[in-house]
Amino acid sequence: MNVANLGRRYTEKLGAVIINAIDGLGSVSSFGSKFFYWFLKPPFRMKLFMEQMYFIGNKSLFIICLSGAFTGMVMAYQVYFGFKLISVDSLVGPVVSITLARELGPVLTGLIVAGRAGAAMAAQIGTMKVTEQVDALEVMGIDSFQYLAVPRIIAGTLSLPMLSSLFCLVGNVGSYLVGTSALMIDEAVYLSKLGEFMFMEDMTQGVIKAFVFGFVVAVIGTYFGFTVSKGAEGVGRGTNLAVVWGMISVLILDYFLTSFLVHIL
Amino acid sequence: MMENMEDAIQINNLTKTFGTATILNELDFNIPKGKITTILGFSGAGKSTLLKHILGLLHPTSGQIVVLGKDLATLSPVQLREFRRSFGMLFQYAALFDSKTAFGNVAFPLREFTNLGEEEIEKRVSDLLLSVGIKEEAFHRLPSELSGGMRKRVGLARALALSPQIMLYDEPTTGLDPITTKMVNDLIVETHNKNRGMTSIIISHDIKATLEISDFIAFLDRGSIVEYLPVSEFKKSTNPIVQEFLNL
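A brief look at the structure comes next.

### Here's the deal with unusual backbone geometry
Residues and elements named next belong to chain A.
Part 1 of the argument: Cis geometry marks the peptide bond from P42 to P43, where omega comes out at 0°.
Part 2 of the argument: Considering the arrangement of structural elements, one finds P43 in the loop between α1 (3-38) and α2 (46-56).
Part 3 of the argument: The phi torsion at E132 lies on the positive side, around 65°, for a residue other than glycine.
Part 4 of the argument: Relative to the elements of secondary structure, E132 occurs in the loop between α4 (92-130) and α5 (133-139).

What follows is the structure, encoded as structure tokens:
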């Protein structure tokens, strides 16, 4: 095969990948935009919404607290040993706190929710799809998107900022305990520096990110549930894609949100 | 074609294509009101596609479908969703909501679409479940705790909850043992006879079961109706494809 043909083959493959990616992005965006049409339309199914809040929120508490505590504790150590070299170890508290509020809180919570709730959404809806339960809703005259996706997307969007805030709170407690008991930073210094360098904008940035991540993770989870086909194998594939794309979206969006929010906040 | 109120469904020159594949090819037939009509055919003949058109879940590439005097193409999505409540459907594997009990499944359409109080719903659901042969001790079992036959019964009770004018059965006996097949057939006939004026449409490839319970049979082959006759005449059909199917 000559070089020209080889080049053409790879260009075609690359083109196909790009087209598929744009096509997929378009499909998810179109699916997500349906939410804005349906979420204000009655009937409002509070029970379904509360069930999803319980599943995404309450059922994630343990893993969020565990991850938050250890992230805060580990960060306190890492920051301390770096800062000690330049004699600013008293700033461990605010640095950990700001990092948690602006970045690690929303991003790690987003990744955890994508892995836990995003996968569950895709698996639940996907199973309903292949067992014709979604068709049964449609035949009864119920819009399956409104019934299945809307409560999950609202619950995801509202749960994630709360979980992220909890992650930050627990992380700060972990950092404080390690900083003051293991690293011997003076308690009063730790707290006063925290008050001096931590601002409301840091929290706001994290909460905004968490809202966006919650919405995107829930849209992706439900999207891959609705697009499941080919039985149990399809459900497995849809669940896997929901987790992978949920996590990738959180990471990519984090960059764009950060670059945008640092200019306006 | 004139709309005939004696027909529950009129299908006029219905064609459906997906890409270059023609799934339904100029179908033109009417389904009479108050009778049991079976749409029979091999797998891949287009039966499920036709069913989805009748329900308004798919739109024709060309042609017209008139159900209970209403041209589905003229209905808005909201009207279409409301109109679908005139249908009840028993799915091949019952399609019960697996997070709800037998009782919860049957109560679901009543809670969604009626203003009945919980007491009235409880009474209606109990009557429906008992009428299809579900005993009280099974009311609060999840679908995973029910046998295949029981699931079909619960699915039928759920489909009948809103007193539909048209009842659709998608492959109701496929994959069932002979005893359960007979039970389902009896249930279809019993349901049809109990609900006077109800139109029943069965989508099936089970010729034996179909011949026993249908009033009319339409034979669908590769997207076209090749025979459509009352069951007594269908048995005598000389059409070679029908003959092949009858002799299987």
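Additional details are given in the paragraphs that follow.
### Structural notes on the interface of chain B and chain A
Part 1 of the argument: Opposite the 14 residues of chain B that make contact, chain A presents 11 residues.
Part 2 of the argument: Of all the secondary-structure elements, those providing two or more residues to the side of chain B that touches chain A are α2 (77-83), β6 (87-90) and α3 (102-113) of chain B.
Part 3 of the argument: Residue classes in the side of chain B that touches chain A are distributed as nine nonpolar, no polar and five charged.

### Some remarks on the environment of P106 of chain A
All names here are of chain A.
Part 1 of the argument: Relative to the assigned elements, P106 resides in helix α4.
Part 2 of the argument: Residue P106 is classed as buried on the basis of its C-beta count, with 32 C-beta atoms lying within 10 Å.
Part 3 of the argument: P106 sits 65 residues away from G171 along the chain, and the two C-alpha atoms are 12 Å apart.
Part 4 of the argument: Among residues more than four places away in sequence, those in contact with P106 are S164, G206, K209, A210 and F213.

### Section: the sheet that holds strand β5 (residues 70-71) of chain B
Residues and elements named next belong to chain B.
Part 1 of the argument: Read from one edge to the other, the open sheet built from four strands follows the order β2-β1-β4-β5, with strand pairing classed as antiparallel. Pairing within the sheet leaves two strands with one partner each, and these edge strands are β2 (21-32) and β5.
Part 2 of the argument: Of the strand pairs in this sheet, strand β4 (residues 62-67) and β5 are connected by two bridges, and their pairing is antiparallel. Looking at the pairing, V67 lines up with K70 of β5.

Quick notes on the rules
- Residues numbered from 1 in each chain as written.
- Chains lettered and ligands numbered in written order.
- Predicted model: local features only at pLDDT ≥ 70, side-chain atom pairs only at ≥ 80, totals over all residues.
- Helix = DSSP H or I, 4+ residues; strand = E, 2+ residues; numbered from the N terminus.
- Contact = placed C-beta atoms within 7 Å.
- Nonpolar A, V, L, I, M, F, W, Y, C, P; charged D, E, K, R; others polar.
- Buried ≥ 20, exposed ≤ 12 C-beta atoms within 10 Å, placed from the backbone.
- Pairing = 2+ DSSP bridges.

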